[in-house]
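Here's the letter readout for the chains.
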Amino acid sequence: MTDFKQLDIYWIDLEPTKGAETKKLRPCVIIQGDFVNIKSKTLIVAPLLPTHKSWPFAVNLKPSKANGLDKDRHINLKKLRAIDVSRIRRKQGKLENQYVDLIKDALTIVFDL
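Given the structure is predicted, the values throughout are model-derived calculations rather than measurements.

Peer 1: Describe the nonpolar core, and please don't skip the residues or the numbers.
Peer 2: Ranked by size, the top nonpolar core spans 16 residues in total, and within it Val29, Val59, Leu61, Ile75, Leu77, Leu95 and Ile103 carry the most contacts. Elements supplying a minimum of two residues to this core: β3 (42-50), β4 (58-61) and α2 (100-111). The leading source of residues in this core is α2, at three residues. Excluding residues within four positions of it along the chain, Ile75 makes contact with Val29, Ala46, Pro47, Leu48, Phe57, Ala58, Val59, Leu61, Leu95 and Ile103. Counting residues in hydrophobic clusters, the runner-up holds eleven residues, among them Tyr10, Ile12, Ile30 and Val45.

Take a look at the structure:
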């Protein structure tokens, strides 16, 4: 079993879905902490969706060599999802630490903490 790391970006098959859930094969960032990820068969991830958004629960990303993204995207922290590791297709890159505080702020808004 692969050891998945927080902030790693993987392409994940999100099908099947219901209703307003994020669909398709998409890049997603692992939100779950590394201690919980050890030999875990499920991961909490957030999808990376196209373009930038001004929503308080979105974190806008720029493509870089480290994250491997091909265009501007945003993390929609309102769309967190627990997935089985069998949905993972391939690694894309790793999100830079500069986004950590923005993710924490967005999660605070989502969970009203």
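This is not the end of the story, as more comes after the structure.
Peer 1: Give a detailed account of the side chain of Glu96, specifying residues and quantitative values.
Peer 2: Mapped onto the elements, Glu96 comes out in the loop between β7 (88-94) and α2. Buried and unpaired, Glu96 has Lys94 as its nearest opposite-charge partner, separated by 9.8 Å. Among residues more than four places away in sequence, those in contact with Glu96 are Ser64, Ala66 and Asn67.

Peer 1: An account of the packing of aromatic side chains is requested, with residue identities and associated values reported.
Peer 2: For the structure on display, the rule yields two aromatic pairs. Arranged with centres 5.3 Å apart and planes meeting at 75 degrees, the rings of Phe4 and Tyr10 form a pair that is edge-to-face. Accessibility expressed as a relative area gives 8% for Phe4, which makes it buried. Among the residues examined, Tyr10 registers a relative accessible area of 8% and is labelled buried.

Peer 1: Could you give me a rundown of the pattern of salt bridges, with the residues and numbers involved?
Peer 2: Evaluation of the coordinates by the stated rule reveals five salt bridges. One salt bridge in this structure joins Asp8 and Lys94, with 3.5 Å as the shortest N-O distance. Placement of Asp8 in strand β1 (residues 8-13) and of Lys94 in strand β7 is noted, with a sequence separation of 86 residues between them. We classify Asp8 as buried; its relative accessible area is 3%. With its nearest N and O atoms 3.2 Å apart, the salt bridge here joins Asp72 to Lys62. Taken together, the residues span a long stretch of sequence, with Asp72 in the loop between β4 and β5 (73-76) and Lys62 in the loop between β4 and β5 at a distance of ten residues. For Asp72, a relative accessible area of 27% translates into the label partly exposed.

Peer 1: Tell me about the pairing of strand β2 (residues 25-30), and name the residues and values.
Peer 2: Where burial is concerned, most of β2 is hidden: five out of the six residues are buried. In this structure, β1 lies alongside β2, joined through five bridges in antiparallel fashion. The residue bridging Trp11 from the neighbouring strand is Pro27, located in β2. Across three bridges, β2 lies against β3 in antiparallel orientation. Along β3, the bridge assignment pairs Cys28 with Pro47.

Peer 1: Just give me the short version of the confidence of the model for the chain, but keep the residues and values in it.
Peer 2: Within the chain, residue pLDDT values average 94, and 98% of them lie at 70 or more. Confidence scores differ between elements of the chain, with helix α1 (residues 34-37) showing the lowest mean pLDDT of 89 and β4 the highest of 98.

Analysis parameters
- Residues numbered from 1 in each chain as written.
- Predicted model: local features only at pLDDT ≥ 70, side-chain atom pairs only at ≥ 80, totals over all residues.
- Heavy atoms only, no water.
- Core = buried A, V, L, I, M, F, W, Y, C linked by side-chain atoms within 4.5 Å.
- Buried < 20%, exposed > 50% of the residue type's maximum accessible area, 1.4 Å probe, protein only.
- Helix = DSSP H or I, 4+ residues; strand = E, 2+ residues; numbered from the N terminus.
- Contact = heavy atoms within 4.5 Å.
- Lys, Arg positive; Asp, Glu negative; His and termini not counted.
- Salt bridge = Lys/Arg side-chain N within 4 Å of Asp/Glu carboxyl O.
- Phe/Tyr/Trp six-rings, centres within 6.5 Å; stacked < 30°, edge-to-face > 60°.
- Pairing = 2+ DSSP bridges.
- pLDDT = per-residue confidence, 0-100.

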